[in-house]
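Observations on chain architecture
Read off the chains here:
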Amino acid sequence: QVQLVESGGGLVQAGGSLRLSCAASGLTFSRYVMGWFRQAPGKEREFVGGIRPSDGTREYVDSVAGRFTISRDNAKNTVYLQMASLKPEDTAVYYCAADQWVLTISSEESQYDYWGQGTQVTVSS
């Protein structure tokens, strides 16, 4: 049974930082692209970024590039989302997801096979 469990969300002031973690079990973690998505109230879920398993190639949506960093520890089956210079518009539920197609990092939800339950990030102004 595959499980993805996010943690690290919370309330932070604008300009602050948070690090989200996503612990995976029940899958061969090193064979999956890991993605982060977010969903703000009243909006559709959107791609934040992703990381390939082998060479660590990363991609980010323009709105977070330079502020957010994705990393992974294949030995710990964990992917991280380090968020800095947070803005109120970053407020959302953040989800991690796993995609077994490892050649590219997809921004499409439908490409991902497994999802976590989400963790709330709230940025106050």
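Up top is the structure.
Residues numbered from 1 in each chain as written. Predicted model: local features only at pLDDT ≥ 70, side-chain atom pairs only at ≥ 80, totals over all residues. Heavy atoms only, no water.

1. Digging into the overall build of the protein chain
The secondary structure content of the protein chain amounts to 0 helices and 11 strands. Each helix (α) and strand (β) of the protein chain, taken in turn from the N terminus, gives the series β-β-β-β-β-β-β-β-β-β-β. Based on the C-alpha atoms only, the size of the protein chain along its principal axes is roughly 40 × 25 × 25 Å. When each of the 125 residues of the protein chain is scored for burial, the buried share is 42%. Intrachain contacts of the protein chain at a sequence separation of at least 6 include 59% that bridge at least 24 residues. (Helix = DSSP H or I, 4+ residues; strand = E, 2+ residues; numbered from the N terminus. Buried < 20%, exposed > 50% of the residue type's maximum accessible area, 1.4 Å probe, protein only. Contact = heavy atoms within 4.5 Å.)

2. Some words on the packing of aromatic side chains
Overall, the coordinates contain 5 aromatic pairs when judged by the stated rule. Aromatic pair Phe-37 and Tyr-112: ring centres 5.1 Å apart, planes at 85°, arrangement edge-to-face. Note that Phe-37 is positioned in strand β4 (residues 33-39) and Tyr-112 in the loop between β9 (92-99) and β10 (114-115), a separation of 75 residues in sequence. Relative accessible area serves as the criterion here: at 6%, Tyr-112 is assigned to the buried category. Of the aromatic side chains, those joined through ring pairs into one cluster are Phe-37, Phe-47, Tyr-112 and Trp-115. Above the face of the Phe-29 ring, Arg-72 is positioned so that its terminal group lies 4.4 Å from the ring centre. (Phe/Tyr/Trp six-rings, centres within 6.5 Å; stacked < 30°, edge-to-face > 60°. Lys NZ or Arg CZ within 6 Å of the ring centre and 35° of its normal.)

3. Here's the deal with the state of the cysteines
Across all of its chains, the model carries 1 disulfide by this definition. The disulfide that involves Cys-22 links it to Cys-96, with 2.0 Å between the sulfurs. The S-S bond linking Cys-22 to Cys-96 shows a torsion near 50°; that makes this disulfide right-handed. In this pair, Cys-22 sits in strand β3 (residues 18-25) while Cys-96 sits in strand β9, placing the two residues 74 residues apart along the sequence. (Disulfide = S-S within 2.5 Å.)

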